[in-house]
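# Structural characterization, general
Residue-level listing of the chains:
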Amino acid sequence: MKKGYFGSFGGQFVPELLIPPLEELEKAMDKFLSHKDFQQELKNILTDYVGRPTPLYYCKNLSQELGFHLWLKREDLAHTGAHKINNTIGQALLAKYMGKTSLVAETGAGQHGVATATAAAMLGLECIVFMGAKDVERQAINVRRMELLGAKVEPVHSGTRTLKDAINEALRYWISHQQTTHYCLGSVVGPHPFPLLVRELQSVIGREAKEQIREKTGRLPGMIIACVGGGSNAMGIFYPFFEDKEVELVGVEAGGSGTPGSYHSATLNKGTAGVLHGTHTYLLQTDEGQILPSHSIAPGLDYPGVGPEHSFFKDCGRARYEVIYDEQALSAFYTLSQKEGIIPALESSHAVAYALELKGRLKGDDHVVVNLSGRGDKDLGIVFGLE
Amino acid sequence: MSKQGLRDKIKQAALKGRKALIPFLPAGFPGKQRFWEEIMMLDEHGADIIEIGVPFSDPVADGPVVEGASIKCLAQGVNLEWIFAGLKEYRPKLTAEIVLMGYFNPFLQFGIKKLMAAARETGVSGFIVPDLPLEEAKPYLGELKAQGLEYIPLLGLNTSEPRMEEYAEMDPAFVYMVSVLGITGSKVDINQVLIEKLKQAREIFSCPIALGFGLKSPEQLGTIGEYIDAVVFGSALIKHIEEGGTSNDFMARWG
């Protein structure tokens, strides 16, 4: 396979001016990720600061109702309340090893921005976060949170003033600040080597889950379910099971309201292949190759592209990708809160909703693991706004 | 064919004792009809090569001026079909060479084969694709060459010598040196780093060198004139037109 590609997906579709920092990053990954000092330091931080390993929780009440065994990988219990921190801590540490003094990041709803600001504060790096102006208005609390952590938040007024434009702006900033700054990209998207780097750092989820489910059940699960926006939590839990063909991998995309003609974020189900943000992957776009706005009730799934490796998994059949609509996700949000006392993020609620749809369709001894990628406290404003 | 055409244009300018002038204008700017009038004006007033921008929703190498203009063009329904239809009508009246500058995705969705055929048919000499670096361009170079079309590489202040050598092996019609580590419309600082890079490029490339990004007027060039053969200007021209000017009086600055 061509370097930086997953089948026909991936690549490095970036301005020539970004080739040197991408090459520098690739070299740093080769040098440090497998180095034992780096690994030890990362492990210590993940244990004492992030709170890993996160538990694998058995949903007793829901399992009884659904007729199969339902498990949750509790990424919501990681520091800052989501899996995002696994990636930002790893990248911030790598940036330090590379001798960089600053991080730049994009953020949509603010989760990755908060996780980057957190890692930067802890490791003593400067941090600047680009955020669509529309999102700055919608997510005021997260803006305050990032600022409290010492980051500078830059509203982006170009384009649709949302996540995709924040990524454009972060890339532009990186072009002119590459000597001192590492671009801490928030998902398994973007040009090579980012999809590999973020997958590597998020794979801790799947490695832990594999060990935990074996310990608790003596075997591997029949199915793993995770929500997919850019796809980092899904890739993190899928990848360590890639070779275990008996484990079915299911990614869940956000279908939006489901009203015909309305915007959504179901890139793999309804998109077509093209190039955005440095990578060849499925996209939501017009016939003429202009990028369409996306939408989901879950801000973290609201992205018109998807990680290139997911595009590859879809086309080669290793994973399948399903659609859950806003209303189903919302219903799962209430169900998990009331039946298990866990308030899930609206993103993760999409994965939970798909598991709930399986009621009566699996056998009594089937085990299903849902990656509960984040906690839902951040979404109370959205949910109460709808009531 | 296109290669020689582009090089000849640059050479003719040199014979007249000036740098070749390469204005950039996004297709459909400042309006669909006015755009072609501006192109005609650029052609009449000394443009040697004209870069027509193919608008894209997410132009990552561009600053706010070009992005803003591109988005306005998209809102008017500008697309490659419209550009080629216009070129069919206006290209025969132009003496400048035409290149298309655009991001890869609109080209990819149009279809690369269809794109090359339309380019040949309408007298386009080549392409500048800011998000298609060497490795990603390679699969298309053979076909481009077979069709007599040019891929014009962009180089940066941070492009290494071995990488420049790889670009040189493609024998491009000319290369486009980006004057800053930044985006279009950035503030340019004519400094030693740029001069050294241009000197290095001179040694490696036998083809002409164009300089672009952030150029506003000839005075800016100062002492670096001797290391370049052509200048590209986009953001400054767009701003000039937005402020009520025309291509005509903008070009007069460079005459």
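Residues numbered from 1 in each chain as written. Chains lettered and ligands numbered in written order. Predicted model: local features only at pLDDT ≥ 70, side-chain atom pairs only at ≥ 80, totals over all residues. Heavy atoms only, no water.

### Here we look at the overall build of chain A
The number of helices and strands found in chain A is 16 helices and 14 strands. The C-alpha atoms of chain A give a radius of gyration of 19 Å, which matches the 21 Å a tight globule of 387 residues would have. By its C-alpha atoms, chain A is 55 × 50 × 45 Å across when sized along the principal axes. Looking at chain A as a whole, 63% of its 387 residues qualify as buried. A total accessible area of about 14,100 Å² is found for chain A, and carbon and sulfur atoms account for 51% of it. (Helix = DSSP H or I, 4+ residues; strand = E, 2+ residues; numbered from the N terminus. Rg over C-alpha atoms; globule rule 2.2 N^0.38 Å. Buried < 20%, exposed > 50% of the residue type's maximum accessible area, 1.4 Å probe, protein only. Areas by Shrake-Rupley, 256 points an atom, 1.4 Å probe, with all protein chains shown as cover.)

### Focus: the overall build of chain B
Within chain B, the regular secondary structure consists of 11 helices and nine strands. Dimensions of chain B along its principal axes, counting C-alpha atoms only, are 45 × 40 × 35 Å. Classification of the 255 residues of chain B by burial places 62% in the buried group. Considering only intrachain contacts with a sequence separation of at least 6, the fraction spanning at least 24 residues in chain B is 73%. Within the structure as shown, chain B displays about 9,600 Å² of accessible surface, and the carbon and sulfur contribution to it stands at 53%. Placing the 26 positive and 33 negative side-chain charges of chain B at their respective mean positions leaves the two points 3 Å apart. (Contact = heavy atoms within 4.5 Å. Lys, Arg positive; Asp, Glu negative; His and termini not counted. Charge placed at Lys NZ, Arg CZ, Asp CG, Glu CD.)

### A word on unusual backbone geometry
Residues and elements named next belong to chain A. A cis geometry characterises the amide bond from arginine 52 onward to proline 53, with omega recorded as 0 degrees. In this fold, proline 53 is placed in the loop between helix 2 (36-50) and strand 3 (56-58). The amide bond that connects histidine 192 to the next residue, proline 193, takes the cis arrangement and shows omega of 10 degrees. As for its placement among the helices and strands, proline 193 is situated in the loop between strand 8 (181-183) and helix 9 (194-202). Here the phi dihedral of arginine 161 falls at roughly 55 degrees; this positive angle occurs in a residue that is not glycine. With respect to the secondary-structure elements, arginine 161 resides in the loop between strand 7 (152-156) and helix 8 (163-177). Its identity as a non-glycine residue notwithstanding, histidine 277 has a phi of 50 degrees, on the positive side.

### Some words on helix 4 (residues 84-97) of chain A
Residue and element names in this part refer to chain A. With 14 residues, helix 4 ought to run about 20 Å at 1.5 Å a step, and its terminal C-alpha atoms sit 20 Å apart, in line with that. Across the 14 residues of helix 4, 12 count as buried, placing the element largely inside the fold. Residues of helix 4 that are buried: Lys84, Ile85, Asn86, Asn87, Thr88, Ile89, Gly90, Gln91, Ala92, Leu93, Leu94 and Ala95. At the C-terminal side of helix 4, glycine 99 shows a positive phi close to 85 degrees. (Expected span 1.5 Å × (residues − 1).)

### So, the pairing of strand 4 (residues 69-74) of chain A
A regular strand carries its side chains on alternate faces of the sheet. Residue and element names in this part refer to chain A. Buried residues dominate strand 4, accounting for five of its six residues. Relative to strand 4, strand 3 is paired through three bridges, and the arrangement is antiparallel. Note on strand 4: the bridge partner recorded for tyrosine 57 is leucine 72. (Pairing = 2+ DSSP bridges.)

### Describing the confidence of the model for chain B
Overall, the prediction assigns chain B a mean pLDDT of 95, with 99% of residues at 70 or greater. With a pTM of 0.97, the predicted complex shows an ipTM of 0.97. (pLDDT = per-residue confidence, 0-100.)

### A few points about the environment of Glu16(A)
Structurally, the position occupied by Glu16(A) is in the loop between strand 2 (9-10) and helix 1 (19-32). Not counting the four nearest positions on each side in its chain, Glu16(A) is found in contact with Pro130(B), Pro133(B), Leu134(B), Leu154(B), Leu155(B), Gly156(B), Thr159(B), Arg163(B) and Tyr167(B). Within the structure, the side chain of Glu16(A) is placed 2.4 Å from the side chain of Tyr167(B), a separation counted as a polar contact. (Polar contact = N/O pair within 3.5 Å; in protein donor to acceptor, adjacent residues only side chain to side chain.)

### Details of the pattern of salt bridges
Residue and element names in this part refer to chain A. Using the criterion set out here, one finds 34 salt bridges over all chains in the structure. When the shortest N-O distance is used, the salt bridge between glutamate 26 and lysine 3 registers 3.3 Å. Pair noted here: glutamate 26 is in helix 1 and lysine 3 is in the segment before strand 1 (5-6), with a separation of 23 residues, a long-range link. Using a relative accessible area of 17% as the deciding quantity, one classes glutamate 26 as buried. Of the charged contacts, one joins arginine 375 and aspartate 377 as a salt bridge, the two residues approaching to 2.9 Å between their closest N and O atoms. Here the salt bridges share partners, and the residues they tie into one network are Arg52, Lys73, Glu75 and Glu208. (Salt bridge = Lys/Arg side-chain N within 4 Å of Asp/Glu carboxyl O.)

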